[in-house]
Amino acid sequence: MKRIEKVSNNPEETFQMGKELALKINSPVLIGLSGELGSGKTVFAKGFASGLEVKELITSPTFLGISESFSGRLPFIHMDFYKKVVTKDMIQFYMDKKSVVLIEWFENFVDVFKEELDLDMRMYIQYLKDTGGNIIDNMRQIQIEFPANGKAFNQQIF
Ligand SMILES: Nc1ncnc2c1ncn2[C@@H]1O[C@H](COP(=O)(O)OP(=O)(O)OP(=O)(O)O)[C@@H](O)[C@H]1O
Ligand SMILES: [Mg+2]
C-alpha cells in the first residue's frame, strides 16, 4: 500500500487537491472518502469533479444517495453512504460503464454488508487540533491510501 499525507489550510486547497487528483485519472476507479461531518468530503468531491471536467453543479448527494454526471471526461458517480448504503452489484454496474465512482462515508459499507469494499483509493479527512485539543479553524489533515491490489497503485499522484 502507498500513502500520501497532506495538510489543507482552507477549502480552496482541499478543492485543488481533489482537482489535481482527478486530472491524473484517465480510467475507471473506485474511491472512498471518509471523514467526520463537515470535514470537507464534498469540497474535495467538487474539486475532483472539476478535474474530470464535469459541467453539472456538484452538491452533497446525501438525500438522494447517488448522483450521476455524464458531462465530464469520464462518467462521474458521486455516492453518499451516510444514510443509504448500496450493494456491490450497484457499484459494479457503474464500474462496468467505465465510471469514476466516489463514495462519501464508504466505511458504512462494512457495517451493513460485513465485507470490505475493493477500493482503488481511500481518502481520510480529519480536523487538525492544537496541543490543547481544540480544532484549528480551516485546517484539515488529508490522507490518501492506494491499496497494492487497486487500480491506482502505480499512478504517480501529487
Ligand atoms: N481545509 C478545509 N477543507 C475543506 N473544507 C473546509 C476546510 N476548512 C473549512 N472548510 C469548510 O468545511 C465545510 C466542509 O463541508 P463539506 O460539505 O465538504 O463536508 P462533508 O465532509 O462533505 O460533510 P458531510 O459529512 O455532512 O457530507 C465547508 O463549509 C468548508 O467551507
Ligand atoms: Mg458531504
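Just above sits the structure.
Below: a short report on this structure. (Residues numbered from 1 in each chain as written. Chains lettered and ligands numbered in written order. Predicted model: local features only at pLDDT ≥ 70, side-chain atom pairs only at ≥ 80, totals over all residues. Heavy atoms only, no water.)

**A word on the overall build of the protein chain**
Right, so step 1: The helix and strand inventory of the protein chain stands at 4 helices and 7 strands.
Right, so step 2: Here the protein chain has a C-alpha radius of gyration of 15 Å; the compact-globule value for 158 residues is 15 Å, and the two agree.
Right, so step 3: When its C-alpha atoms are laid out on the principal axes, the protein chain stretches across 45 × 35 × 30 Å.
Right, so step 4: Across the protein chain, contacts joining residues at least 24 apart in sequence account for 62% of those joining residues at least 6 apart.
Right, so step 5: Accessible area of the protein chain: about 8200 Å², with a carbon and sulfur share of 52%.
Right, so step 6: Both charge centroids of the protein chain, one from 19 positive and one from 21 negative side chains, sit 3 Å from each other. (Helix = DSSP H or I, 4+ residues; strand = E, 2+ residues; numbered from the N terminus. Rg over C-alpha atoms; globule rule 2.2 N^0.38 Å. Contact = heavy atoms within 4.5 Å. Areas by Shrake-Rupley, 256 points an atom, 1.4 Å probe, with all protein chains shown as cover. Lys, Arg positive; Asp, Glu negative; His and termini not counted. Charge placed at Lys NZ, Arg CZ, Asp CG, Glu CD.)

**Points about the packing of helix α1 (residues 11-23) against helix α2 (residues 41-51)**
Right, so step 1: Where α1 meets α2, the axes come as close as 6 Å, and the angle between the chain directions of the two elements is 40°. Comparing the axis directions of α1 and α2 gives the class oblique. Considering how the two elements wind past one another, α1 and α2 form a crossing that is right-handed. Judged by residue contacts, P11, T14, F15, M17, G18, K19, L21, A22 and L23 of α1 engage V43, F44, K46, G47, F48, S50 and G51 from α2.
Right, so step 2: Classifying every residue of the contact of α1 with α2 by side-chain character gives 9 nonpolar, 5 polar and 2 charged. (Axes fitted to C-alpha atoms, helices over the stretch in contact; angles between N-to-C directions. Parallel < 35°, antiparallel > 145°, perpendicular 65-115°, else oblique. Left-handed = near helix turned anticlockwise from the far one by under 90°. Nonpolar A, V, L, I, M, F, W, Y, C, P; charged D, E, K, R; others polar.)

**Quick notes on the side chain of S39**
Right, so step 1: Here S39 is to be found in the loop between β2 (30-35) and α2.
Right, so step 2: Of the residues examined, S39 reaches a relative accessible area of 3% and is grouped as buried.
Right, so step 3: A polar contact is formed between the side chain of S39 and the backbone oxygen of E36, at a distance of 2.7 Å.
Right, so step 4: Here S39 is in contact with I125, Y127 and R140, once residues within four sequence places are set aside. (Buried < 20%, exposed > 50% of the residue type's maximum accessible area, 1.4 Å probe, protein only. Polar contact = N/O pair within 3.5 Å; in protein donor to acceptor, adjacent residues only side chain to side chain.)

**Looking at the site of ligand 1**
Right, so step 1: Near ligand 1 there are 16 residues, and of these T14, K41, T42, V43 and N138 occur at the shortest range.
Right, so step 2: Protein contacts shield 74% of the accessible area of ligand 1, which totals 650 Å² for the unbound molecule.
Right, so step 3: Elements with a minimum of two residues in the shell around ligand 1: α1, α2 and β7 (135-146).
Right, so step 4: It is α2 that contributes the most residues to the shell around ligand 1, 3 residues altogether.
Right, so step 5: A class-by-class count of the residues in the shell around ligand 1 yields 4 nonpolar, 8 polar and 4 charged. (Near = heavy atom within 4 Å.)

**Things to note about α2**
Right, so step 1: Summarising burial for α2: 8 of the 11 residues are buried, a large majority.
Right, so step 2: Considered for burial, the residues of α2 that qualify are K41, T42, F44, A45, G47, F48, A49 and G51.
Right, so step 3: For α2, the elements touching its buried residues are α1, β2, β4 (76-80), β5 (100-104) and β6 (121-129).
Right, so step 4: E53 sits one or two residues past α2 and shows a positive phi near 65°.

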